[in-house]
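Below, each chain spelled out in residue letters.
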Amino acid sequence: MDLLHLTAAELGRKIKNREVAVTEAVKAALARAKELEPEINSYVTLDEAGALAQAEAVQERIDSGELRGPLAGVPAAIKDNLCMEGQLTTCSSKILSNFRPVFTAEAVKKLQKAGAVILGKTNMDEFAMGSTTETSYYGPTKNPHNLMHVPGGSSGGSCAAVAAQECWYALGSDTGGSIRQPSSFCGLVGLKPTYGTVSRFGLIAYGSSLDQIGPVAKDVSDCAVILEAIASHDAKDSTSVQRKDYDFTSALVCGVKGMKIGIPKDYMGEGLDPEVADAIWKAARVLEEQGAVIEEFDLSLVKYAIPAYYVIASAEASSNLERFDGVKYGYRTAEYDGLHNMYKKTRSEGFGAEVKRRIMLGSFVLSSGYYDAYYLKALRTKALIKQAFDRAFETYDLILGPAAPTTAPELGKSLQDPLKMYLGDIYTISVNLAGLPGMSVPVGRDSKGLPVGMQLIGNSFQEKTLIRAAYTYECATEKQYEVPAEVRIGARIAADRAGDLRGSGGQTGDAGSLASQAKTELPEVQPKSGREA
Amino acid sequence: MANKISDETIEHVGILAKLELSGEEKEAAKADMERMLDYIDTLNELDTSEVEPMSHVFPVHNVFREDVVTNGDNQEQTLANAPLRKEDSFEVPKTIG
């Protein structure tokens, strides 16, 4: 039976009906991961032994009737900035390369309670700072749709793992677009919930007023199921919100008749790739045909979102990353002369270039004499941006636009010009500043076959509106663009049927031949590590 | 308006950030920061005189809990990650004297 093609919910049902054993699913994913990882590098840690042990334990809990939920037994991957007790949690940084937390993040705990099997921790931009997963200490992740391109970032590993069918879903985190943009680049459905919906306890913080954890999935139904499993009020996260509704799956209905959808004029103008624009307009027309009312409008303040974001995010990051000092955990420099020297050397050796850049900018904008002009100014801008969205939502139920101005760029092309890279976040960033929910849905491919995603933005706590619109889009297009990646390694398309892999004589043989094919047939790719200061 | 970052400023930022930069890195950092600050200056086009700075999007204030320890004694686990440990303490270079 070909399991890897199934959605998480479909697999969950088969496991529940005893058509598939949990161990079978886990083994299929592990085999797939071992075959592709030398090329794709989605995982920082693939926990084979742990996953197989979890599979047995979960199967028992299913058999005893304890676990009845839709995600029981379904293997998932977790972004490596989410703490898991005893499990290497690195944030793709050298400074945490040996760190094993003493507790598990609340969102992960909730998945474990629901019977998830955690296959491993996925690659990311270092400390979530980046848009391509190229700033990772563990090397870049490749886009499964085209290995010469980035998967996006910072949840690039999570997205690549799902797109390449190395797991059935994943958790990512989103501070400025880090779930939505890579989901768009990898042809997946990714959701950043309203700020405060998912507990941040155990999420290693980057920008505390902006961070949210969310699902990366193959379709909208999976997204809703996962969100329902991880959303909660948590006393351990003082920014977490007690919501009135957690039944997100009740929004999985087709029908947008009368829904008013606004498309910001500023999102669809200069700077947007024409092929991306085409796909977005097409998607809007699909919703229009289903009864929605589509209208362009002036969102305003769009161009101020990026500078405001980078001031706020860097400021918060500089404060959040002060704790990495070599004292209690993580990397400590080998030779030092006194405490302050130890701090400086540890951090300078342990952090990559992009992280250092943002820490310095953040320290500067918070420093005496500049705090008002930069940090407070940015916070006032943030208030204005929220007001602009509030005004928009007086008229519209939903805002629609692209998730990114382009499809996935090529590897090695983004890090030389950080400012240009930051400008790619234009559509996603303001959603974090305003604390709103945002969802990326696959709506097309460009002429190179790279996925295009549209972004749906809802008012605070209106995830159900997003889910309903996205689900309607799926119904109307028969999930046309929710297709797994055909991973092309050398001249061979990687076999993606569990049967093929088990039948062919030994995984190592296949992996070996694939690896050697990759070395001789692909042109040299020189990904910038982004670590040179 | 071009922002100029002086050597002293970069030194100061290095102290705040607890980062040690080589001569080359300092020059690169200066150039990076100047560019970013020039870009950030576009915020000055906005009239924000009537707006309060907003840190948290929702009116959630003073979220307190009772001062009671609920995640008790995991001393061994906590020390397990220590780069350098001495008995029940994290060992660090001398801080006083």
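Scroll up a little and you will see the structure.
Scoring rules and cut-offs
- Residues numbered from 1 in each chain as written.
- Chains lettered and ligands numbered in written order.
- Predicted model: local features only at pLDDT ≥ 70, side-chain atom pairs only at ≥ 80, totals over all residues.
- Helix = DSSP H or I, 4+ residues; strand = E, 2+ residues; numbered from the N terminus.
- Buried ≥ 20, exposed ≤ 12 C-beta atoms within 10 Å, placed from the backbone.
- Contact = placed C-beta atoms within 7 Å.
- Nonpolar A, V, L, I, M, F, W, Y, C, P; charged D, E, K, R; others polar.
- Pairing = 2+ DSSP bridges.
- Axes fitted to C-alpha atoms, helices over the stretch in contact; angles between N-to-C directions.

Draft legend 1. Here's a closer look at the overall build of chain A. Looking only at helices and strands, one finds 17 helices and 13 strands in chain A. Seen along its three principal axes, the alpha-carbon backbone of chain A occupies a region of about 70 × 65 × 50 Å. By residue count, 63% of the 533 residues in chain A fall in the buried class. Contacts in chain A between residues far apart in sequence, at least 24 positions, make up 77% of those at least 6 positions apart.

Draft legend 2. Geometry of the interface of chain A and chain B. Across the boundary between the two partners, chain A contributes 55 residues, which contact 42 residues of chain B. Secondary-structure elements contributing two or more residues to the side of chain A that touches chain B are α9 (305-320), α10 (339-350), α11 (353-366), α12 (371-395) and α13 (418-423) of chain A. With 11 residues, α12(A) is the single largest residue contributor to the side of chain A that touches chain B. For the side of chain A that touches chain B, the residue count by class is 30 nonpolar, 12 polar and 13 charged.

Draft legend 3. Quick look at the sheet that holds strand β6 (residues 212-217) of chain A. Residue and element names in this part refer to chain A. Taken in spatial order, the 11 strands of this open sheet run β1-β3-β2-β4-β6-β5-β10-β11-β9-β7-β8, and their pairing is mixed. Pairing within the sheet leaves two strands with one partner each, and these edge strands are β1 (43-46) and β8 (293-297). Strand-to-strand twist in this sheet, taken as the mean axis angle between neighbours without regard to direction, amounts to 30°. Two elements, strand β5 (residues 189-192) and β6, share two bridges in a ladder whose sense is antiparallel. Considered in β6, the bridge of glycine 190 is made with valine 216. Against the sheet, helix α3 (residues 48-63) touches β1, β2 (75-79) and β3 (117-122), its axis set at about 155° to β3.

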